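# Residue-level structure breakdown
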Number of protein chains: 2
Amino acid sequence: MKILLELAYCGSAYHGWQVQGDALTVQKILQDACEQLFGYRPPVTGCSRTDSGVHAKQFFCTAEGVFSVPVDRIPAALNTLLPEDVSVLDAREVSLDFHARYSCTGKEYFYDICISRYRDPLTVGRAWQYCRPLDVKRMNQAAQYLCGKHDFASFCAAGSSVIDTVRTVSALTAEQAGDHILVRISADGFLYNMVRIIVGTLVEVGRGAMPPEQAERILYAADRSKAGPTAPACGLYLNRVFYS
Amino acid sequence: MKILLELAYCGSAYHGWQVQGDALTVQKILQDACEQLFGYRPPVTGCSRTDSGVHAKQFFCTAEGVFSVPVDRIPAALNTLLPEDVSVLDAREVSLDFHARYSCTGKEYFYDICISRYRDPLTVGRAWQYCRPLDVKRMNQAAQYLCGKHDFASFCAAGSSVIDTVRTVSALTAEQAGDHILVRISADGFLYNMVRIIVGTLVEVGRGAMPPEQAERILYAADRSKAGPTAPACGLYLNRVFYS
C-alpha cells in the first residue's frame, strides 16, 4: 500500500529534504524512523526538494510498503522516534498512482524578513535578519509585475537543468506585522531558488536600489544576472501544498 | 558612569540570567563581550533572574564603569561580540542611583502554549508542546480570580526565601490564535516561578481537571501544594519591563 504522510520541520539542522550521500537530511531522518518502526526502509518520495536550512509548516511525502501499524497510529508512533525538529502531522492511505510531487497542483511559501535595527535572537535561523527598513508599498508594486503566467528564467538559479521555465504565480504579497515583513507567494510550481530570488529582488526594490517597474524588465530579460540576490534560506517556509 | 542596556535573548542554551559558578548564563556571556570590548569586566546588574530556558523579548541590565565607546555605538559593538541568541537593542546613560531591579515598577510576561495534536517542530523549545485542546474561556474565568492585589504564596515555588508574598496582578488573560494559546500577565512584581505555576494551574482548569472557581480557593489556601504544576520554562517570555 501507499501512504501519504504530512510533515512539518525546522530545517536549520538539515541539508534539505532529499537524501544526498551521508548528509543529514529530513528524508534520511524519516527513513531511519520508518526502519525502526517497520523493520525495513520503505521508499519515500517527497513533494519538493527543499534546500538546506529551509523550513516546512506543511510537507507531504509518500511511503510504499506493508505497514505493521494501523495508518491512523503511524504519526504518533513515528513522532516518538523522530527528533524534536521533525513531526508527522497526519497519515492516510492513497491510491498507488498518487505521486507526492507530480500530483501536486500548487504550493504556497512564505518568507520572513526581520527588519528590527538589531538581530532578533528569537528569530535567528527562522527569519532573514535584514536589520534595515524596507518600503513594503514598493515591494508590493514590484510584486504585481510577477503575478500571472510568465517565463521566470530570470528567477531560476543558474545551472538548473529545467527546460520549461514558465510558471503561474497566483498570489505574491508583502505584509508588515511589527518588525517583520512576510512575503507570501503561491504558484502552480516553482523553479530552483525561485522564491529566494524573488524575495531578494523585492528587497532591492524595498530598500530603494531598484524601481518597482524593474521587476517587469527583469522578467522579460530571462537572465538570472538581472534579478536581485538570492535571499538566505533561513527565512523560507513551505507553508501549504495543494493536491486536487 | 552607569549605562542601561536593553537586551533580548533566546534562553534555550542558557542557565538563566544570573552568573552561577561555571554555568553558561546570559550575564556571563554579556560580561565576556564587555571584557572584549572595554578591556575589563564591568559589574552588571539585571532587572530579574530569569530561569534556565526562559526567553526575554525585553530585559534590562545596568553596567557601571568607564566606557571607551560612545554610548549610542555600544549596542552594535557588543552585538558583533555576542552569540546570535543574545542581542543588545539599546544603551543609554542613567543616573548612578538607578537600579535595574529595584527601580522597576512592573513587568509583563507572556507564556506560549502549543495545542496542536502533535508537537510543532518550529516552536519546540519556544512553546509548551501541550498537544491537547484547552478551554480558553474557562482559563480566563479562573484568571479573573487572580487579578488584583493578593497573597500569591500558593503560586510561589517551595523553598523561596521571600517573606512578603503579596503582589498586584494588573492583567491576566489567555487568548487563542490558531494552534497557540498565549497567556499574558502583568504585575508589580513576581514571586519565584509565579508565572509558571499560574500557567500550570490555568491549564488544569482549561483541560477540565479543576473548576475555574478553584483558583480563588488556591489563593486563600496560601499553600503551594494546592496549585497546579509548574509549566515548563521553554514557553515563558519576559516581554516588557516598566520603569517610572
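Look up: the structure comes first, before these words.
This text gives an overview of the structure that appears in the document. (Residues numbered from 1 in each chain as written. Chains lettered and ligands numbered in written order. Predicted model: local features only at pLDDT ≥ 70, side-chain atom pairs only at ≥ 80, totals over all residues. Heavy atoms only, no water.)

Helix and strand counts for chain A come out as five helices and ten strands. Viewed in the frame of its principal axes, chain A has a C-alpha envelope of about 60 × 40 × 30 Å. Across the 244 residues of chain A, 56% fall into the buried class. Only carbon and sulfur atoms are counted for the fraction: they give 49% of the accessible area of chain A, which is about 10600 Å². Where the 24 positive side-chain charges of chain A centre and where its 25 negative ones centre are 5 Å apart. (Helix = DSSP H or I, 4+ residues; strand = E, 2+ residues; numbered from the N terminus. Buried < 20%, exposed > 50% of the residue type's maximum accessible area, 1.4 Å probe, protein only. Areas by Shrake-Rupley, 256 points an atom, 1.4 Å probe, with all protein chains shown as cover. Lys, Arg positive; Asp, Glu negative; His and termini not counted. Charge placed at Lys NZ, Arg CZ, Asp CG, Glu CD.)

A word on the pattern of salt bridges. Proximity of charged atoms lets side chains of opposite charge pair with each other. This model, assessed by the stated rule, comprises 16 salt bridges over all chains. The shortest N-O distance in the salt bridge between Glu108(B) and Arg240(B) comes to 3.2 Å. Within this pair, whereas Glu108(B) is found in strand S5 (residues 104–114), its partner Arg240(B) is found in strand S10 (residues 236–243), the two being separated by 132 residues in sequence. It is possible to trace a salt-bridge network through shared partners that takes in Lys28(A), Asp32(A), Glu35(A) and Arg41(A). (Salt bridge = Lys/Arg side-chain N within 4 Å of Asp/Glu carboxyl O.)

Moving on, we get to the interface of chain B and chain A. At the junction of the two partners, chain B supplies 24 residues and chain A supplies 24 residues. When chain B packs against chain A, the two sides together hide about 2000 Å² of surface, and 54% of this comes from carbon and sulfur. Counting the surface chain B buries against chain A, the share from its top three residues, Tyr118(B), Arg119(B) and Leu122(B), is 39%. On inspection of chain B and its partner chain A, the count reaches zero salt bridges. Across the contact surface, chain B and chain A share 14 residue pairs in polar contact (both at pLDDT 80 or more). (Contact = heavy atoms within 4.5 Å. Buried area = accessible area lost by both parts, 1.4 Å probe. Polar contact = N/O pair within 3.5 Å; in protein donor to acceptor, adjacent residues only side chain to side chain.)

To continue, consider the packing of helix H1 (residues 26–38) of chain A against helix H2 (residues 74–81) of chain A. The axes of two packed helices give the description: the angle between them and the distance between them. All names here are of chain A. Two elements in contact, H1 and H2, have axes separated by 9 Å at closest approach and are oriented at 110°. Relative to H2, the element H1 lies roughly perpendicular. Note that H1 runs across H2; the crossing there is right-handed. The residues of H2 that touch H1, namely those facing Leu30, Ala33, Cys34, Gln36, Leu37 and Phe38, are Ile74, Ala77, Leu78 and Leu81. Considering only residue class, the contact of H1 with H2 consists of nine nonpolar, one polar and no charged. (Axes fitted to C-alpha atoms, helices over the stretch in contact; angles between N-to-C directions. Parallel < 35°, antiparallel > 145°, perpendicular 65-115°, else oblique. Left-handed = near helix turned anticlockwise from the far one by under 90°. Nonpolar A, V, L, I, M, F, W, Y, C, P; charged D, E, K, R; others polar.)

The next point concerns the packing of helix H3 (residues 136–146) of chain A against helix H4 (residues 194–206) of chain A. Residues and elements named next belong to chain A. The N-to-C vectors of H3 and H4 enclose an angle of 135°; their axes lie 8 Å apart at closest approach. On the basis of their axis angle, the class for H3 and H4 is oblique. When the axes of H3 and H4 are compared, the crossing they make is right-handed. Between H3 and H4, the contacting residues are Arg138, Met139, Ala142, Ala143 and Leu146 on the first element and Ile198, Leu202, Val203, Val205 and Gly206 on the second. Class assignment of the residues belonging to the contact of H3 with H4 gives a composition of eight nonpolar, one polar and one charged.

Relative to chain A, chain B is turned by 180° and slid 0.0 Å along the rotation axis, the superposed coordinates differing by an RMSD of 0.0 Å. Such a combination of turn and shift is consistent with a two-fold rotation axis. Residue Thr123(B) of chain B places its C-alpha closer to the rotation axis than any other residue of that unit, at 5.4 Å. Of all interface residues in chain B, 100% are interface residues in chain A too; the two copies therefore contact each other through one and the same surface. (Least-squares fit on C-alpha atoms with pLDDT ≥ 70 in both.)

Within the span of helix H2 (residues 74–81) of chain B, buried status applies to Ile74(B), Pro75(B), Ala77(B), Leu78(B) and Asn79(B). Residues of H2(B) that are buried make contact with strand S1 (2–9), helix H1 (26–38) and strand S4 (86–94) of chain B.

Turning next to unusual backbone geometry. Residues and elements named next belong to chain A. The phi dihedral of Cys131 falls on the positive side, at around 65°, and the residue is not glycine. Tracing the backbone through its elements, the reader meets Cys131 in the loop between strand S6 (128–129) and H3. Phi is positive for Asn193, close to 65°, though the residue is something other than glycine. Looking at the element boundaries, Asn193 is found in the loop between strand S9 (180–187) and H4.

Residues and elements named next belong to chain B. Under the 1.5 Å per step criterion, the end-to-end length of helix H4 (residues 194–206) is 18 Å for 13 residues, consistent within 8% with the ideal 18 Å. Burial analysis of H4 places 13 of its 13 residues in the buried class, which makes it a mostly covered element. Downstream of H4 by one or two residues, Gly208 has phi in the positive range, about 95°. (Expected span 1.5 Å × (residues − 1).)

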